[in-house]
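Here is how the chains run, residue by residue.
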Amino acid sequence: MVGAGGREHSLVQAIARSPQKPRILCAPGNAGIADEATCFPVAADDVAGLVALAKSEEVDFVIVGPEVPLSLGLSDQLITAGIPVFGPKADGAMLEASKIFTKQILLKYKIPTAAAGIFDAVDPALAYLQTRGAPIVIKADGLAAGKGVTVAQTLPEAEAAVRDMLGGKFGDSSIQILVEDCLVGEETSILVVVSGRDYVILPTSQDHKRIGDGDTGPNTGGMGTYSPAEVVTPEILAQIESQIVKPSVDAIADEGIEFCGTLFIGIMLTPEGPSVIEYNTRFGDPETQVVLPRLKTDLLALLWAAAQGKLSGINLEVSDDYTMCVVIAAQGYPESYGKGAVITIPALPENVSVIHAGTARNDAGEVVTNGGRVLGVTASGATLVEAAQAVYAGCEAIECETKYYRRDIGSRQLNRA
Ligand code: AMP
Ligand code: GLY
């Protein structure tokens, strides 16, 4: 397992449940992963180091968590070394690493998405803004750690974002930008395990991207999730599959990309129908934390089948339980925050698990904060209300001086019920 966050801890837990009883190694891991896997201090973006580690430990299979090593060609190099891998090669990772590349594919294959203009100079971008009006969305082309999107409510805000980005705010990632119409509706995350033209759609979920209750404040990597997202009714899911998932998987194959990995499709459910916001080429974080506990199918067998090109005919078994994950962040995230605050995790009920994200151990052996998103408290229940009660009791019981979490995860669905 490559990575160090909550997503990777959740993947490690799911793989540890496999009847195949694998020996799990993780690079670099975190304090929670270290309880379940052997961790090696090789950074997730150190491609040469990871390939050397995989060879020296004679690993049979590599699962890549984050997008950066994928876009740096980790999978290409592992395949060259004869090591099976789950996670796309660099050409497939472009679907996340370049929003312009993706927009061009979406438009070429007539997959529903917002209209957009592509710019590398300020004046034409500003002129285009005038023709579209606000609200409008400005996006850096390349990877920007989840910060490359501005949803501007006013034209001055949009103009400032255009100048900032084309002025080099995200370095090479914002040499080019997209100016995109604003989609209105509820968002959902559709995770699809893909192997060539074959695919398996994982259970639905909904993320909460803003830092504050009521979806206020700046965007984050994700502050909490729940599954299933019932806003995606069986009818809407069928529409998403026929209009978005299948055409996307086919388009990628038609473009000559041999894609093996997770295609994470961010979708806005607009009044005109589902529309693609973006592709990611990896599992979502914290979507993974709520999706995997609902799988009855052996995750390791599923990902291995994908890597072997044997995904067709696999039927997913999913539990009827509801799951919720609430992210405990360090006070100050997503701006500046401290590290090293001691975390005390009491014994919690069996249906609650504490996923580690930004944690480490200090010299005294205590678990301490070591990142912006620190923990993901996850619970399951027969109803979403039950899952929410268990998760929030867990959040309260965990002691940490700098803990911050949203109090309203799942409220859209809970308020609809
Ligand atoms: P991303 O960094 O691509 O995940 O985008 C961050 C967030 O920006 C998305 O989850 C949406 O909430 C929002 N967003 C991106 N594109 C649009 C759009 N065209 N219309 C409305 N919101 C958008
Ligand atoms: N939770 C959103 C993401 O993983 O990009």
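In the block above lies the structure referred to throughout.
Keep in mind it's a predicted model, so treat the numbers as computed, not measured.

Draft legend 1. Geometry of the sheet that holds strand β9 (residues 177-181). Spatial strand order, β6-β9-β7-β8: 4 strands in an open sheet with antiparallel pairing. The open sheet has two edge strands, β6 (116-119) and β8 (149-152), and neither has a second partner. Each strand axis lies, on average, 20° off the axis of its neighbour in the sheet, ignoring direction. Helix α6 (residues 99-108) rests against β6, β7 (136-140), β8 and β9 of the sheet, and its axis sits at about 45° to β9. Contacts from helix α7 (residues 122-132) reach β6, β7 and β9 within the one sheet, and its direction differs from that of β6 by about 165°.

Draft legend 2. The pattern of salt bridges, seen in detail. Counted by the stated rule, this structure contains 20 salt bridges. For K209, the salt bridge goes to E278, with nearest N and O atoms at 3.8 Å. Here E278 lies in strand β17 (residues 273-280) and K209 lies in the loop between β12 (206-207) and β13 (210-212), a separation of 69 residues in the sequence. For K209, a relative accessible area of 26% corresponds to the partly exposed category. Ionic pairing is found between D250 and K246, a salt bridge with its closest N-O pair at 2.9 Å. Placement of both D250 and K246 in helix α9 (residues 234-254) is noted, with a separation of 4 residues, approximately one turn of the helix. The exposure class assigned to K246 is partly exposed, which follows from its relative accessible area of 41%.

Draft legend 3. Representation of the sheet that holds strand β11 (residues 198-201). Pairing within the open sheet is antiparallel, and its 4 strands lie in the order β11-β10-β16-β17. This sheet does not close on itself; its edge strands, each paired only once, are β11 and β17. The average undirected angle you get between the axes of adjacent strands in this sheet is 35°. Here 7 bridges tie strand β16 (residues 260-270) to β17, and the two strands are oriented antiparallel to one another. Counterpart to T270 in the pairing with β17 is G273. α9 contacts β10 (186-195), β11, β16 and β17 of the sheet and is inclined by roughly 135° relative to β16.

Draft legend 4. A look at the site of ligand 1. By nearness alone, 14 residues border ligand 1, and E180, D181, L183, E187 and E278 come closest of all. For ligand 1, a nitrogen atom lies 3.1 Å from a polar atom in the side chain of K139. Contact with the protein chains covers 91% of the free accessible surface of ligand 1, which is 480 Å². For the shell around ligand 1, the secondary structure elements donating two or more residues are β7, β8, β9 and β17. Grouping the constituent residues of the shell around ligand 1 by class yields 7 nonpolar, no polar and 7 charged.

Draft legend 5. Highlighting the site of ligand 2. As a structural note, the neighbourhood of ligand 2 is formed by D207, K209, G221, F264, N280, R282, G284, D285, P286 and E287. D207 has a polar side-chain atom sitting 2.8 Å from a nitrogen atom of ligand 2. With respect to ligand 2, the side chain of R282 contributes an N or O atom lying 2.9 Å from an oxygen atom. With the chains in place, 89% of the 200 Å² that ligand 2 exposes on its own is no longer accessible. Looking at the shell around ligand 2, its residues break down into 2 nonpolar, 3 polar and 5 charged.

Draft legend 6. Representation of the pairing of strand β15 (residues 224-227). On β15, burial covers both faces: G224 and Y226 on one face and T225 and S227 on the other are all buried. Examined bridge by bridge, β15 and strand β18 (residues 322-330) share 4 bridges and lie antiparallel to one another. The residue bridging Y226 from the neighbouring strand is M324, located in β18.

Draft legend 7. Structural view of unusual backbone geometry. Here A134 and P135 are connected by a cis peptide whose omega angle stands at -5°. Relative to the helices and strands, P135 is located in the loop between α7 and β7. For the bond from S227 to P228, the omega torsion is -5°, close enough to zero to count as cis. Within the element layout of this structure, P228 appears in the loop between β15 and α9. Residue K110 is not a glycine yet carries a positive backbone phi of 55°.

Draft legend 8. Structural view of the side chain of T378. Along the chain, the position of T378 falls in strand β22 (residues 373-381). Assessed through its relative accessible area of 5%, T378 is described here as buried. Of the polar contacts made by the side chain of T378, one reaches the backbone oxygen of G376; its length is 3.5 Å. Those residues in contact with T378, other than ones at most four positions away along the chain, are Q289, M324, C325, N351, V352, S353, I355 and V391.

Draft legend 9. How the structure looks around helix α11 (residues 299-307). Of all the residues in α11, the buried ones are L299, L300, L302, L303, A305 and A306. Looking at the buried positions of α11, the neighbouring elements they touch are α1 (6-16), β4 (62-63), β5 (85-86), β10, β11 and β16. Where α11 starts, the residue carrying a side-chain oxygen 3.2 Å from the main-chain nitrogen of L300 turns out to be D298.

Draft legend 10. Broad picture of the nonpolar core. I265, Y279, M324 and V326 are the most contacted members of the largest nonpolar core, which totals 51 residues. Counting residues per element, this core draws most heavily on helix α12 (residues 384-397), which supplies 7 residues. Among all residues touching V326, those that are not within four sequence positions of it are M223, G224, L375, G376, V377, V391, Y392, C395, Y405, R406 and I409. If you look at the next biggest cluster of nonpolar residues, it comprises 31 residues, including V12, V193, L299 and A305.

Rules and cut-offs
- Along each chain, residues carry numbers from 1 onward, in the same order as the chain's sequence is written.
- In the order they appear in the text, chains get letters beginning with A and ligands get numbers beginning with 1.
- Local features in a predicted model are, by the rule used here, given only for residues with pLDDT of at least 70; side-chain atom pairs are given and counted only at 80 or more, and totals for whole chains, interfaces and linings are based on all residues.
- Water and hydrogen atoms were dropped before computing side-chain values, which therefore reflect all heavy atoms in the structure.
- Two strands form a pair only when DSSP identifies at least two bridges running between them.
- Counting from the N terminus, the helices are DSSP H or I runs at least four residues long and the strands are E runs at least two residues long.
- Lines fitted to C-alpha atoms define the axes, with helix axes restricted to the stretch in contact, and inter-axis angles between N-to-C directions lie between 0 and 180 degrees.
- Throughout, a contact is declared for two residues whenever any of their heavy atoms are within 4.5 Å.
- What counts as a salt bridge is simple: a side-chain nitrogen of Lys or Arg found within 4 Å of a carboxyl oxygen of Asp or Glu.
- Buried, partly exposed and exposed residues are distinguished by accessible area as a fraction of the type maximum, computed with a 1.4 Å probe on protein chains only: under 20%, between the cut-offs, and over 50%, respectively.
- The near set for a molecule or strand comprises every residue that places at least one heavy atom within 4 Å of it.
- The term polar contact refers here to a pair of N or O atoms within 3.5 Å; inside protein, the definition further demands a hydrogen-donor-capable atom paired with an acceptor-capable atom, and it admits residues adjacent in sequence only when both atoms are side-chain atoms.
- Per-residue and other accessible areas follow the Shrake-Rupley method at a 1.4 Å probe size, with only the shown protein chains counted as cover for residues.
- Gly falls in the polar group here, along with every residue not listed as nonpolar (Ala, Val, Leu, Ile, Met, Phe, Trp, Tyr, Cys, Pro) or charged (Asp, Glu, Lys, Arg).
- To qualify as a nonpolar core, a set must consist of buried Ala, Val, Leu, Ile, Met, Phe, Trp, Tyr and Cys residues joined through side-chain atoms within 4.5 Å.

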